[in-house]
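Working through the structure, step by step
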Amino acid sequence: MNKSTAYLLQVRPRVPERLARLEELANNLWYGWDRPTRRLFARLHPGLWKATGHSPKAFLKRVDEQLLLDAAEDQVFIGNFNRVLADYDTYHDYSQPAGGFDWLDRGDLIAYFCAEFGFHESFPIYSGGLGILAGDHCKAASDLRLPFVGVGLLYRQGYFHQTIDGDGNQIASNTDSSFDDLPVSPARHPDGSEAYTSIDLPGRKVNIKIWQARAGHITLYLLDTDMASNNIHDRDITHRLYGGDTVMRIEQEAVLGIGGARALQELGLKPTVWHINEGHAAFMILERIREMIVRDGFDFATSLELVAANTIFTTHTPVPAGHDHFSEGMMQAYFEHYYPELNLNHGQFMALGRTASSPDFNMTTLALRGSRFHNGVSCIHGEVSSQICSEMWPEIEHQENPMTYVTNGVHAPTFLATEWIEVLERYLGSEWNARMNDLKLWEGVYDIPDHVFWSVHQTLKVKMLNAVCERITAQHFRNRGSEAHLDRLLKYVNPENPNILTIGFARRFATYKRATMLFGDMDWLREILHNPERPVVFIFAGKAHPADVPGQDLIRHITHVSKMPEFTGKILIVEGYDLALSRKLVSGVDVWLNNPLYPLEASGTSGMKAGMNGSINLSVLDGWWGESYDGKNGWAIKPVSEALSEEIRTHEETNTLYELLQDQVVPMYYDYGKMGFSPKWVKMAKRSMATIIPRFNSKRMVGEYLAKCYLPASKQYELYTKNEFANAHLLAVWKARVQGAWPGVALRRADQLVAEINYGDSLHFEVEINLNGLTPDDVVVEVLMGFNTKKEPLTSARHYRFEPTGTTNDKGENRFVTELQPEQCGNLEYRIRVYPYHDLLTHPFELGMMRWL
């Protein structure tokens, strides 16, 4: 046998005609957020369902045909099948009124670009938070029936599979996906031919195959360079998510941005709104500008205004070092051929992605220059991003620059456990999903009887403990552990005794997330965990990037602590973190722990998922929790002053964590009432659910993008294209004139300074401004007046505009005047400023120019 040849043969079962639509269900990612659909497949053969990674398409290729024949005659299965089909058809009924489509014009189309999409574990083209968020964004767009397409890359190898050895070393393994097992198919032209596109890389052309995946109402287009017509190196460009070096990164981003724009054009799709989710896809801006110049004959400046007008850029990175950047030499090698098509020289091209602080080409800088709508992903992160990106608008105070925020949300139908859905339908009504953002509706959560609420939570906790035990057992035996020691490991996560306080920490292992902060004072931790009357268990899970050695050290550290005799079974680390385990943990733990270093948590979404499932958050007031915490829906670790060292901050916040655990969390959990659970705990868990679901779901998030970004971007683009694009050209010419004149603009007061008046009296202001060739219509002059406080003066000030008198002095300075009556009493302060303004600007300060007196 050793010398024999093994030939592979796949025998596919024939699906009975009565079950033919199983294949339709398997090829629509709607199954990723519809549990009854997934249960249809799982009940046919639970073992095979698990072995195929919960992939309906892979399952149907491997299931025994007799099982399908038996199911076709099983009335219970057919009943469930028909109910799923009824829900599927109702959801996809295009005659139903749309939730968001009616906001946009009939011809509008939103194109959403992202390097990863996390719809379901069976479709492994995601690594973590960014991908899961992108998947939730698409799902909510489908729920709202927006005209929406996603654009990404189709990786042979998604993010790595993780195992952890006995010493806590993370072992990363990658496996190639068979596209036949994924819910994708080749994108096709109207005549049925497969669609392809290409991009130019140094000295060669790279051919790209376009695939498509259906996800409810929306379509996801995915790009693949693994084609025989490409060389070996280029075939690998889309092979692995976030794999390789800087060369691979720039090539992946060129395929995503440039190839993605060309793919949509190849398919005849004409988006009116373009959304760049993180900077990886920013090269799309260059391609769209190039297309306008080559196809329509516009100049570069006009093309830039047209492209930027309907482009949204969302940044998820809370530190400057996290933004992708490439050296000048690398950009020269990859984009030299682009210069003439953009009518730019080398210096002008590099300036598109360069800031004053670095000679590199920064993808975030390109995204900001090529868009007019920019946002962070929480209120705190929006503030942080406005500071990080402030050099883009150097003369504008960061509080007023164009950076805003749209707080992330999670897709409730995906992450809300079925058991909770059934309870919500009973006590809130079947319309709870349609009224998800209605705060008043969610007050109905308080009407759920405490014993019912606790029973659901305990049911989910048992499921979670079963999953944890199963994974810990496999992990333990693979690392050659003994059965006797396994009993000790699983003592406190016994599904038969779900009454032990269980705290979860599951996310990417990055140093700023401080996974090991819990171990800052081991004696104090022992004191908390070693009360036999009130035991506590901590469950850790997560992956560290294969190149992140400090992140992997965190896993080793947790493993080391978990092996200490006094912490055996009380500190557990579970390998192989993925969407399936995530759903179990967020719905089953009692407390969700998150302790990042402020303000480095851009948003965080795992705590939202836990909170909407009745778990209680214990978190640093960073990211989304800074907006959600109200003092009654969880526990908060207030960040220590950023002026202190990281070591001191971590020490102080660790003490706060221990105090909360020892004085509040543990006592409240074990404060059992006569029903066998803590009424105070249930009260807080209810408030957690009632306050988090309506404010932090993805339907609210996408609705906010629609109102703040998509609709205004569509209207702005429509405005710029009027009169054969005359407005875009007019604005480009105006900006060039302002940029040339602005260095010479200066202002001075021409009135008498008044220090005290009575309430009701008027103040007269006069300023004279050297406009350096600009006209009074090109600027706004205003006085800002407000209370003299230590708080930011711009946030509460009232604005009063000056008017030009139409006169100039002997120096050619234009005179502006205003007369006002202060509307407040007390110690006021005022400031006077001038900035360029045009009615066609998307944001009044997008030029980043301002002069203060």
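Overview of the structure. Keep in mind that this is a model prediction, so the values were computed, not measured. (Residues numbered from 1 in each chain as written. Predicted model: local features only at pLDDT ≥ 70, side-chain atom pairs only at ≥ 80, totals over all residues. Heavy atoms only, no water.)

Moving on to the overall build of the protein. A tally of regular secondary structure across the protein gives 29 helices and 28 strands. Relative to the compact-globule value of 29 Å for 853 residues, the protein shows a C-alpha radius of gyration of 29 Å, a close match. In terms of overall dimensions, the protein has C-alpha extents of about 95 × 65 × 50 Å along its principal axes. In the protein, the proportion of contacts linking residues at least 24 apart, taken out of those at least 6 apart, comes to 74%. (Helix = DSSP H or I, 4+ residues; strand = E, 2+ residues; numbered from the N terminus. Rg over C-alpha atoms; globule rule 2.2 N^0.38 Å. Contact = heavy atoms within 4.5 Å.)

This brings us to the packing of aromatic side chains. All chains considered together, the criterion is met by 39 aromatic pairs. Aromatic pair Trp-33 and Tyr-91: ring centres 6.3 Å apart, planes at 70 degrees, arrangement edge-to-face. With Trp-33 in the loop between helix 1 (22-26) and helix 2 (35-44) and Tyr-91 in helix 6 (residues 75-91), this residue pair connects regions lying 58 residues apart in the sequence. Since its relative accessible area comes to 6%, Trp-33 is described here as buried. Each member of the aromatic cluster is reached from another via a ring pair, and the members are Phe-283, Phe-326, Phe-335, Tyr-338, Tyr-339, Phe-349 and Phe-361. For the cation-ring pair, Lys-708 lies above Tyr-405, with the distance from its terminal atom to the ring centre recorded as 5.2 Å. The ring of Tyr-837 carries Arg-801 above its face, with NZ or CZ at 5.6 Å from the centroid. (Phe/Tyr/Trp six-rings, centres within 6.5 Å; stacked < 30°, edge-to-face > 60°. Buried < 20%, exposed > 50% of the residue type's maximum accessible area, 1.4 Å probe, protein only. Lys NZ or Arg CZ within 6 Å of the ring centre and 35° of its normal.)

This paragraph deals with the packing of helix 9 (residues 246-266) against helix 10 (residues 283-296). Look at helix 9 against helix 10: their axes get within 8 Å of each other, and the N-to-C directions meet at 40 degrees. The angle between helix 9 and helix 10 places the two elements in the oblique class. Crossing of helix 9 over helix 10 shows right-handed handedness. Taking contact as the criterion, the partners of Ile-250, Glu-253, Ala-254, Gly-257, Ile-258, Ala-261, Arg-262 and Gln-265 in helix 9 are, on helix 10, Phe-283, Met-284, Glu-287, Arg-288, Arg-290 and Glu-291. (Axes fitted to C-alpha atoms, helices over the stretch in contact; angles between N-to-C directions. Parallel < 35°, antiparallel > 145°, perpendicular 65-115°, else oblique. Left-handed = near helix turned anticlockwise from the far one by under 90°.)

So, on to the nonpolar core. Proteins that are soluble and globular tend to have nonpolar side chains buried together. By size, the foremost hydrophobic cluster in this structure holds 172 residues, and its most contacted members are Leu-25, Phe-123, Phe-283, Phe-335, Phe-349 and Tyr-710. Looking at this core, the element that brings in the most residues is helix 28 (residues 698-741), giving 14 residues. Residues in contact with Phe-335, not counting those within four places in the same chain, are Ile-250, Ile-258, Phe-283, Leu-286 and Phe-349. Residues Leu-518, Leu-581, Val-591 and Met-608 belong to the second largest nonpolar core, which totals 99 residues. (Core = buried A, V, L, I, M, F, W, Y, C linked by side-chain atoms within 4.5 Å.)

A few words on the pairing of strand 16 (residues 536-541). Strand 16 sits mainly inside the fold: 6 of its 6 residues count as buried. Taking every second residue as pointing to the same face, both faces of strand 16 are buried, with Val-536, Phe-538 and Phe-540 on one and Val-537, Ile-539 and Ala-541 on the other. Pairing of strand 15 (residues 501-506) with strand 16 involves 6 bridges; the strand directions are parallel. Each bridged residue has a counterpart across the sheet, and for Ile-503 the counterpart in strand 16 is Phe-538. Each parallel crossover has a hand, and for strand 15 linked through helix 21 (residues 522-529) to strand 16 it is right-handed. Pairing of strand 16 with strand 17 (residues 571-574), which is carried by 4 bridges, proceeds in the parallel orientation. The residue of strand 17 that forms the bridge with Phe-540 is Ile-573. Each parallel crossover has a hand, and the one from strand 16 via helix 22 (residues 549-562) to strand 17 is right-handed. (Pairing = 2+ DSSP bridges. Right-handed = clockwise from strand over helix to strand, strands pointing away.)

Among the secondary structure elements, Asn-613 is positioned in the loop between helix 24 (606-612) and strand 19 (616-620). When neighbours within four sequence positions are excluded, Asn-613 is seen to be in contact with Phe-415, Leu-416, Ala-417, Trp-420, Val-586, Ser-587 and Met-689.

Burial of the side chains of strand 26 (residues 814-820) is restricted to one face: Asn-814, Phe-816, Thr-818 and Leu-820 are buried, whereas none of Arg-815, Val-817 and Glu-819 on the reverse face is. Bridge count for strand 22 (residues 763-770) against strand 26 is 7 bridges, and the pairing is antiparallel. Bridged to Ile-769 within strand 26 is Asn-814. As defined by bridge partners, strand 25 (residues 803-808) adjoins strand 26 across 3 bridges and the pair is classed as antiparallel. Within strand 26, the residue paired with Pro-804 across the bridge is Phe-816. Between strand 25 and strand 26, which follow one another and run antiparallel, lie 5 residues, and Gly-812 among them has a positive phi close to 80 degrees.

Turning our eyes to something else, we now look at the side chain of Lys-735. Along the chain, the position of Lys-735 falls in helix 28. Within the structure, Lys-735 has its side chain in polar contact with the side chain of Glu-305 (distance 3.1 Å). Residues contacting Lys-735, with those up to four places away along its chain left out, are Glu-305, Arg-372, Leu-841, Glu-846 and Leu-847. (Polar contact = N/O pair within 3.5 Å; in protein donor to acceptor, adjacent residues only side chain to side chain.)

All right, on to the pattern of salt bridges then. Under the defined criterion, the tally for this structure stands at 54 salt bridges. With its nearest N and O atoms 2.6 Å apart, the salt bridge here joins Arg-435 to Asp-438. Put simply, Glu-829 and Arg-831 hold a salt bridge, and the shortest N to O gap is 3.3 Å. Because the salt bridges share partners, they merge into one network encompassing Arg-262, Glu-287, Arg-290, Glu-291, Arg-295, Asp-296 and Glu-341. (Salt bridge = Lys/Arg side-chain N within 4 Å of Asp/Glu carboxyl O.)

Okay, empty space enclosed by the protein next. Evaluated as defined, the whole model comprises 4 cavities of 30 Å³ or more. Looking at the largest cavity, its volume works out to about 80 Å³. What lines the largest cavity is Ile-199, Asp-200, Leu-201, Ile-250, Ala-254, Ile-258, Arg-262, Phe-283, Tyr-334, Phe-335, His-337 and Tyr-338. Breaking the lining of the largest cavity down by element, the ones donating at least two residues are strand 6 (196-201), helix 9 and helix 12 (328-335). When residues in the lining of the largest cavity are grouped by element, the largest group, 4 residues, is from helix 9. For the lining of the largest cavity, the per-class residue count stands at 9 nonpolar, 1 polar and 2 charged. (1 Å grid on protein atoms, 1.4 Å probe; cavity = no way out; pocket = protein on both sides within 12 Å on 5 of 7 lines; lining within 4 Å. Points joined across faces, edges and corners; volume = space filled by probe spheres on them. Nonpolar A, V, L, I, M, F, W, Y, C, P; charged D, E, K, R; others polar.)

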